[in-house]
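Each chain, letter by letter, is given below.
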Amino acid sequence: MNDKNKNRFAWYQPLGTRRPALTIACLAELPAINDESRLADFDGYFSADDGRIKFTGRIHDQWQSLCVDFREGSADYRRQHGGGRKQAIARAVGLKHNWNPSVLDLTGGLGRDAFVLCGLGCDMTLIERSPAVALLLEDGIARARQDEWIGEMMRDRFRLEHTEARQYLASLDQDHRPDVIYLDPMYPARRKNAAIKKEMRLIKLLVGEDPDADSLLVPALQAANKRVVVKRPDYAPFLAERKPDIEITSKSHRFDVYLT
Ligand SMILES: C[S@@+](CC[C@H](N)C(=O)[O-])C[C@H]1O[C@@H](n2cnc3c(N)ncnc32)[C@H](O)[C@@H]1O
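Residues numbered from 1 in each chain as written. Predicted model: local features only at pLDDT ≥ 70, side-chain atom pairs only at ≥ 80, totals over all residues.

(A) Seen up close, the domain arrangement of the protein chain. The domain boundaries assigned to the protein chain delineate domain 1 (3-49) and domain 2 (73-259). Computed over C-alpha atoms only, the centres of domain 1 and domain 2 are separated by 28 Å. Counting from both sides, the interface comprises 7 residues of domain 1 and, opposite them, 7 residues of domain 2. Of the residues that constitute the side of domain 1 that touches domain 2, the class distribution is 4 nonpolar, 2 polar and 1 charged. (Domains from an automatic or database assignment. Contact = placed C-beta atoms within 7 Å. Nonpolar A, V, L, I, M, F, W, Y, C, P; charged D, E, K, R; others polar.)

(B) Highlighting the nonpolar core. Of all hydrophobic cores here, the largest spans 64 residues; its most connected members are V93, L106, L117, L136, I181, L183 and A220. Top element by residues in this core is helix α5 (residues 131-144). It accounts for 8 residues. Looking at this core, you find at least three residues from each of domain 1 (3-49) and domain 2 (73-259). (Core = buried A, V, L, I, M, F, W, Y, C linked by C-beta atoms within 7 Å. Buried ≥ 20, exposed ≤ 12 C-beta atoms within 10 Å, placed from the backbone. Helix = DSSP H or I, 4+ residues; strand = E, 2+ residues; numbered from the N terminus.)

(C) Structural context of unusual backbone geometry. A positive phi angle is found at D61, which is not glycine, with a value near 65 degrees. Checked against the element boundaries, D61 lands in the loop between β4 (54-59) and β5 (62-66). In this structure, A240 takes a positive phi of about 50 degrees despite not being glycine. Relative to the elements of secondary structure, A240 occurs in the loop between β10 (227-233) and β11 (246-249).

(D) Seen up close, the environment of S47. As for its position among the elements, S47 is in strand β3 (residues 44-47). Overall, S47 belongs to the buried group, with 21 C-beta atoms counted inside 10 Å. With 152 residues separating them along the chain, S47 and E199 place their C-alpha atoms 17 Å apart. The contacts of S47, once residues within four sequence positions are left out, are Y12, K54 and T56.

(E) Broad picture of the sheet that holds strand β12 (residues 253-259). Pairing is mixed across the open sheet formed by 7 strands, whose spatial order is β8-β7-β6-β9-β10-β12-β11. Each edge of the sheet is formed by a strand with only one pairing partner; in this case those strands are β8 (158-161) and β11. Strand-to-strand twist across the sheet, computed as the mean angle between neighbouring axes with direction ignored, equals 20 degrees. Of the strand pairs in this sheet, strand β9 (residues 180-183) and β10 are connected by 4 bridges, and their pairing is parallel. By the bridge assignment for β10, V180 is matched with R227. Along the sheet, helix α4 (residues 112-119) contacts β6 (102-105), β7 (123-127), β8, β9 and β10; its crossing angle with β7, the most-contacted strand, is approximately 170 degrees. (Pairing = 2+ DSSP bridges. Axes fitted to C-alpha atoms, helices over the stretch in contact; angles between N-to-C directions.)

Here's what the structure looks like:
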């Protein structure tokens, strides 16, 4: 956590409760607040109630919460009813009847896209550089691994590395090159879809923009065995202004596919 964020965020820890043991050490440096009224001094706070780690952030003077839970809500609904291998994301990645690629998601975020791909058979590795987002994601993965229905696939084919994408690629050896690299960097939202807006706004509060997103494309093209897929809002320009080989459009997004 950088110094700027240290002053903006806190842990809410009511008296008599404990902060969970954190694998991402820098988040332990955030101040512990036990008096609810003092939370107003911060832009957001983490808490660990009902067995889940939550981030609550202030958006337009209202507190909104976010946690990663693959077992419920839209993530699980989409896994079960999302259109299978015919949906745009599956076609973009190149899923075929007998081919389950290894996919390296360099912009893991809340793991939603990766979870869909994992449910369709891909072997997923996620990279996330923000300690705060990585903490939420790690917490969601740990709970999902205990689940009766999705536990096995999450243990076998869904892993997270908390690091920066280009650093990760630089340390990747030839034998471990993924079939597909997936990129979904932050891009300013223009649409007024309340659910997406809330989640993306909370992530934006934590990570800001991704101003270096263009610089991910070339190293990704060098590292992927088969293709690089870039998810963009339909109004966004191509990443690094580079025209893709294939464009696949869905309701509000475009998947730009670069064959390597
Ligand atoms: C729009 S979100 C991704 C959402 C994700 N596709 C999902 O389905 O939840 C972008 C995420 O990528 C991360 N990110 C951006 N650039 C990165 C980089 N160079 N290395 C690692 N993570 C990065 C940001 O911190 C942010 O959490």
